[in-house]
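This is what each chain is made of:
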Amino acid sequence: MGPVRAVACRFMEVRDLHPWPSTPEEAEAIQDRLRPLLELDVPGPASPRTVAGLDVSYAGDGGGTGTRLAAAVVVLDAATLDVVEESVAVGTAAFPYVPGLFAFRELPTLLDALRNLKTTPDLLVCDGFGVAHPRRFGLACHLGVLTGLPAIGVGKTAFVGTYDPPGGRRGDASPLMHGDEEVGRVLRTRDGVKPVFVSVGHRADLGSACRTVLALAPEYRLPETTRRSDRLSRDALGT
């Protein structure tokens, strides 16, 4: 790997650690090269002041390269859930749809949205996965390494692994296992409602990640970070 270059993002720094791949083999090699940079044995922010939700919406069926997409980042006050700042960028899918390599479709436009922020959030909450991924390097991991910020993923369904259903009450959780490794937690955010799938990406731990997700989901199944960034990205595409 060549020298690390920094791209100024007003108050954020995004590290330029790799070129954008053109083949699945190149993308997998990038994931393998960046994985050792993850910081997974450190506690996440116990009381983040600001939390950013990131989501991407696609025009049409979202398939293929060149598809128009909108990437949204919504920064919330973690205590009140009020919006602190919003940023949205419109672009095109830069990579074909390949399971396990979905981040490469979205990252270029997501990074554009992050670069436009005046606020550096204490935590990134991605609509997707961290280490709950076949190569232990999902979108939350990739964003964490590139920004240096704590990052977690909150998925609507499991991508990898097996689990026993958690109890039916809000806050109940069970391990998400992939082989003999716990790669995430299956978390019930509302009584009697389908759980979400929480995994760490970078500079975070599962316990604090689950507590934060519960705090971000006082009324609905999905955290407000996901709900509001999803809405902003859809509005940008007029969907």
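Residues numbered from 1 in each chain as written. Predicted model: local features only at pLDDT ≥ 70, side-chain atom pairs only at ≥ 80, totals over all residues. Heavy atoms only, no water.

As a further point, take the environment of Asp235. Looking at where Asp235 falls in the secondary structure, it is placed in helix H5 (residues 224–237). On a C-alpha basis, the gap between Asp235 and Thr120 in space is 24 Å, while along the polypeptide they are 115 residues apart. (Helix = DSSP H or I, 4+ residues; strand = E, 2+ residues; numbered from the N terminus.)

At a minimum axis distance of 11 Å, the contact between helix H2 (residues 103–115) and helix H3 (residues 139–147) shows a crossing angle of 40 degrees. When the axes of H2 and H3 are compared, the pair comes out oblique. Here H2 and H3 pass one another in a crossing that is right-handed. Contact residues: H2 offers Ala103, Phe104, Glu106, Leu107, Leu110, Leu111 and Leu114, while H3 offers Leu139, His142, Leu143, Leu146 and Thr147. (Axes fitted to C-alpha atoms, helices over the stretch in contact; angles between N-to-C directions. Parallel < 35°, antiparallel > 145°, perpendicular 65-115°, else oblique. Left-handed = near helix turned anticlockwise from the far one by under 90°. Contact = heavy atoms within 4.5 Å.)

Moving on, we get to the UniProt feature "site: Interaction with target DNA" (unreviewed entry) in the protein chain. UniProt feature "site: Interaction with target DNA" (unreviewed entry): in the numbering of this structure it lies at Tyr97. In this fold, Tyr97 is placed in the loop between strand S5 (83–92) and H2. The residues touching Tyr97, leaving out its near neighbours within four places in the chain, are Phe102 and Arg105. (UniProt positions renumbered as here; feature names shortened; annotations may be inferred.)

By size, the foremost hydrophobic cluster in this structure holds 61 residues, and its most contacted members are Leu54, Val73, Leu114, Leu124, Leu143 and Val198. Residues within four places of Leu124 in sequence aside, it is in contact with Ala52, Leu54, Leu114, Leu143, Thr147, Leu149, Pro150, Ala151 and Ile152. Phe129, Leu176, Val183 and Phe197 belong to the second largest nonpolar core, which has 6 residues in total. (Core = buried A, V, L, I, M, F, W, Y, C linked by side-chain atoms within 4.5 Å. Buried < 20%, exposed > 50% of the residue type's maximum accessible area, 1.4 Å probe, protein only.)

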